[in-house]
Amino acid sequence: MNYKLNICHLYPDLMDTYGDKGNILAITYRCQKRGISVNLENVSVGQNLKSATYDLFFFGGGQDQAQSIVGEDLLKKSDIIKKYIDSGSVLLSVCGGYQLLQNYFQTKEGQKIPGIGLFDAHTVGSDNRMIQNLLIEIDPNLNSEIENSYPTDNLPSNFLIGFENHSGKTYLGKNLKPLGSVIVGSGNNGEDQTEGAIYKNAFGCYLHGSLLPKNPHFADYLIAKALEKNYGPVQLEQLDDEIEWQAHAKAVEKTRASS
Ligand code: GLN
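Let me sum up the structure you'll find in this document. If you're wondering where the values come from, they're calculated on a predicted model, not measured in any experiment.

Here we look at the sheet that holds strand β12 (residues 202–205)
Strands sit in the order β2-β1-β3-β4-β12-β11 across an open sheet of 6 strands; the sheet is mixed. Two strands close off the open sheet at either side, each with one partner strand: β2 (37–43) and β11 (197–199). The average angle at which neighbouring strand axes cross in this sheet is 15 degrees, direction not considered.

Have a look at this one:
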C-alpha cells in the first residue's frame, strides 16, 4: 500500500517558537523512512484552508502580539478546522497555538483574544513565567493507544518530555481530558497538575522542544491516527529509534535531577 499523508502547518511564519517546526521535520522524516509520501502545505493569515485535504494539522507557539493577529484570522477558519477534527483529522498544537484553539486567551495586560473553542478551556496571562523542562505522564487511555501504534512489543516510556515557556495559565472545562499529568514542571497552570488537552484526535500541550524528535512514540501515534482516517488501521514499520530514545531518556533524567 502506498500511503500518503497530507499535512497542514498553520501560521508557520507567525507561530513557530523554540523549534516547533521540528515536529513537522520529525513526522516527515519518520514517514519518508517508511516510504509514506508527505505533502506539506503552509497556511497563514489571509490564506484559505482547502476542504477535505488535510490529515494532520500542526499549530505552534508564538508571542502574545502574534497571537492577536493570528487569533483574528483563525476565527475565519474555525468552521473548517472543526469539521476536519469531527471527521477524524489529527491536530497537534503547542502553547500559543493551543491557547488560540480554546475559548479565549486573555493576555497579562487584559486583552481578550477570542479563540475558536475547539478545546473547552481558557487561558489567562499571569505575572509568573513558567519556563523549564516539562515532564508528564501520558493519560493512561491514550498511552494504551500509543502502545498499540508504536511498532515494538515494549514501549520504552509512558512519558512526554519537552520545554515550556508561557505566562498563560490554562484551565480546562470539566469534560475536557488533559493530555497527561505533570511530573516535573507547570503544565497547564502550575496548580492542578494537568498538562495539555485531548479532544477527539486534537491535542494541545505546552511541550516545545521540539517535542516529537525526542518523543518518537507520540510521533508515530499521530502518524498512525492520521493515516487511519483514509486507510483504516495501519501497522507502522519499525524504525531504529535508538538515538531518539537516548535523547528522550537523557532529557527525562536531566529534568528529574533538576527538580
Ligand atoms: N504568549 C503565550 C504565553 O506566554 C504563549 C507563549 C508561547 O507560545 N511560547 O502564555
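Digging into helix α2 (residues 64–86)
Because each turn of an α-helix spans 3.6 residues, side chains separated by three or four positions end up pointing in the same direction. With 23 residues, α2 ought to run about 33 Å at 1.5 Å a step, yet its terminal C-alpha atoms sit only 28 Å apart, falling short of that. Its maximal kink placed at Lys77, α2 deviates by approximately 55 degrees. Within α2, burial applies to Ala66, Gln67, Val70, Gly71, Asp73, Leu74, Lys77, Ser78, Ile81, Tyr84 and Ile85. Immediately downstream of α2, the backbone of Gly88 shows phi near 100 degrees, a positive value.

Quick notes on the site of the ligand
If you check the shell around the ligand, you find 14 residues, and the closest are Gly62, Asp64, Gln67, Cys95 and Gly168. Interatomic distance of 2.8 Å between a side-chain N/O atom of Gln67 and a nitrogen atom of the ligand. Within the side chain of His208, an N or O atom sits 3.2 Å from a nitrogen atom of the ligand. Among the elements of the structure, α2, α3 (96–100) and β8 (159–172) are those that each provide at least two residues to the shell around the ligand. A total of 4 residues in the shell around the ligand trace back to one element, the largest contributor, which is β8.

Things to note about the packing of helix α1 (residues 22–33) against helix α5 (residues 216–231)
Contact pair α1 / α5: the axes reach a minimum separation of 10 Å and the direction vectors enclose 70 degrees. In this view, α1 runs roughly perpendicular relative to α5, as classed from their interaxial angle. Contacts between α1 and α5 involve Ile27, Arg30 and Cys31 from the first element and Pro216, Ala219, Asp220 and Ile223 from the second. When the residues that make up the contact of α1 with α5 are grouped by side-chain class, the tally is 5 nonpolar, no polar and 2 charged.

Section: the pairing of strand β1 (residues 4–10)
A large share of β1 lies buried, amounting to 6 of its 7 residues. Both β1 and β2 contribute to a ladder of 7 bridges, which runs parallel. Its bridge partner being in β2, Leu10 is matched across the sheet by Val43. As for the winding sense of the linkage, the β-α-β connection from β1 through α1 to β2 is right-handed. Here β1 runs beside strand β3 (residues 56–59); their pairing, made up of 4 bridges, is parallel.

Looking at unusual backbone geometry
Cis peptide bonds are those with omega within 30 degrees of zero, and the linkage from Gly209 to Ser210 qualifies with 5 degrees. Relative to the elements of secondary structure, Ser210 occurs in the loop between β12 and α5. The phi torsion at Tyr11 lies on the positive side, around 50 degrees, for a residue other than glycine. Among the secondary structure elements, Tyr11 is positioned in the loop between β1 and α1. A relative accessible area of 0% places Tyr11 in the buried class. The backbone of Lys200 sits at a positive phi, close to 55 degrees, despite the residue not being glycine. Within the element layout of this structure, Lys200 appears in the loop between β11 and β12.

Analysis parameters
- Here the residue numbering is sequential within each chain, running from 1 through the sequence in written order.
- Restriction of local features to residues with pLDDT of at least 70 applies here, the model being predicted, together with a cutoff of 80 or more for giving and counting side-chain atom pairs; totals for whole chains, interfaces and linings are based on all residues.
- Hydrogens and waters are ignored; side-chain quantities use all the structure's heavy atoms.
- Strand pairing is assigned whenever DSSP identifies at least 2 bridges connecting the two strands.
- Working definition: helices are DSSP H or I runs of at least four residues, strands are E runs of at least two. Numbering for both runs from the N terminus.
- Lines fitted to C-alpha atoms define the axes here, with helix axes fitted over just the stretch in contact, and angles between the N-to-C directions of these axes take values from 0 to 180 degrees.
- Here a helix's expected span is defined as the number of its residues, less one, multiplied by 1.5 Å.
- To get the bend at a given residue, fit one axis to the seven residues ending there, fit another to the seven starting there, and take the angle between those axes.
- Note on exposure labels: buried denotes an accessible area under 20% of the residue type's maximum, exposed denotes more than 50%, and partly exposed covers the range between, all computed with a 1.4 Å probe on protein chains only.
- Only heavy atoms are used to decide nearness, and a residue is near a molecule or strand if one of them lies within 4 Å of it.
- What qualifies as a polar contact is a pair of N or O atoms within 3.5 Å, subject to a donor-acceptor requirement within protein and to the restriction that residues adjacent in sequence count only when both atoms come from side chains.
- Angles are sorted into four bins: roughly parallel if under 35 degrees, roughly antiparallel if over 145, roughly perpendicular if 65 to 115, and oblique for all others.
- Whether two residues are in contact is decided by their heavy atoms, any of which lying within 4.5 Å being enough.
- The nonpolar class holds Ala, Val, Leu, Ile, Met, Phe, Trp, Tyr, Cys and Pro. Asp, Glu, Lys and Arg form the charged class, and all remaining residues, Gly among them, are polar.
- By convention, a crossover is right-handed whenever its connection, traced from the first strand over the helix to the second and viewed with the strands pointing away, goes clockwise.

Interpretation note: all reported values are geometric properties and have no functional meaning in isolation.
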